[in-house]
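Coordinates in review
Okay, here's what each chain looks like letter by letter:
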Amino acid sequence: MLTQLGPVLSGVPAHKVNLQNSRQLWVPVQKQNQAIPASVLNIVRWIDLEKFDLTTTTTITPIQLKLNPINPLLAGLPSEPATIGGLLQLGVPAAENGVTPPSA
C-alpha cells in the first residue's frame, strides 16, 4: 500500500501498487563547493533513493503544484508549475553496500 507523507498530497488516498524494475539511483551531491551545515549533511548523506517503475489500477485526480527552489544557489529562479497525476515511478530509500543510517 502506498500512502503519501507530504501534507500537500494528503488528499491522495492510500492505494495498492506493484513495484517493477529498479531504474535509477538518486544520490545527494554538493554543488559549486557550497558549504553544507553539519546538521544538514548528517541527514542528506543518508538520502539515497532507488527509483522503481510501478503499476497500479488506482486513478489519481491530478494535483497542481508550484515548486519553489530551496537551494540557495537556485533561490533567484521563479516558481515552476507542476502537475502530479498518474503514478508511474516511486523513489524508495536505499542503503549503499548495506550501510544504514545510525539511529537518532
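Residues numbered from 1 in each chain as written. Predicted model: local features only at pLDDT ≥ 70, side-chain atom pairs only at ≥ 80, totals over all residues. Heavy atoms only, no water.

1. Some details on the sheet that holds strand S2 (residues 49-55)
Adjacent strands of a sheet form backbone hydrogen bonds with each other and so pair up, either parallel or antiparallel. Within the open sheet, the three strands sit side by side as S1-S2-S5. Their pairing is antiparallel. Both edges of this open sheet fall to strand S1 (18-26) and strand S5 (89-93), since each of them pairs with a single strand only. Looking at each pair of strands side by side, their axes are set apart by 35° on average, direction ignored. Looking at chain direction, S2 and S5 are connected through five bridges and run antiparallel. Bridge pairing in S5 links Lys51 to Gly91. (Pairing = 2+ DSSP bridges. Helix = DSSP H or I, 4+ residues; strand = E, 2+ residues; numbered from the N terminus. Axes fitted to C-alpha atoms, helices over the stretch in contact; angles between N-to-C directions.)

2. As for the pattern of salt bridges
Summed over all chains, the structure comprises one salt bridge. Asp53 is the salt-bridge partner of Arg23, the closest N and O atoms lying 3.2 Å from each other. Of this pair, Arg23 sits in strand S1 while Asp53 sits in strand S2, and the two are 30 residues apart along the sequence. Under the relative-accessibility criterion, Arg23 is labelled exposed at 53%. (Salt bridge = Lys/Arg side-chain N within 4 Å of Asp/Glu carboxyl O. Buried < 20%, exposed > 50% of the residue type's maximum accessible area, 1.4 Å probe, protein only.)

3. Here's the deal with the side chain of His15
Counting through the fold element by element, His15 comes out in the segment before S1. A distance of 2.7 Å separates a polar side-chain atom of His15 from the backbone oxygen of Pro13. Other than its neighbours up to four places away in sequence, His15 contacts Met1, Leu2, Thr56, Thr58, Ile60 and Leu87. (Polar contact = N/O pair within 3.5 Å; in protein donor to acceptor, adjacent residues only side chain to side chain. Contact = heavy atoms within 4.5 Å.)

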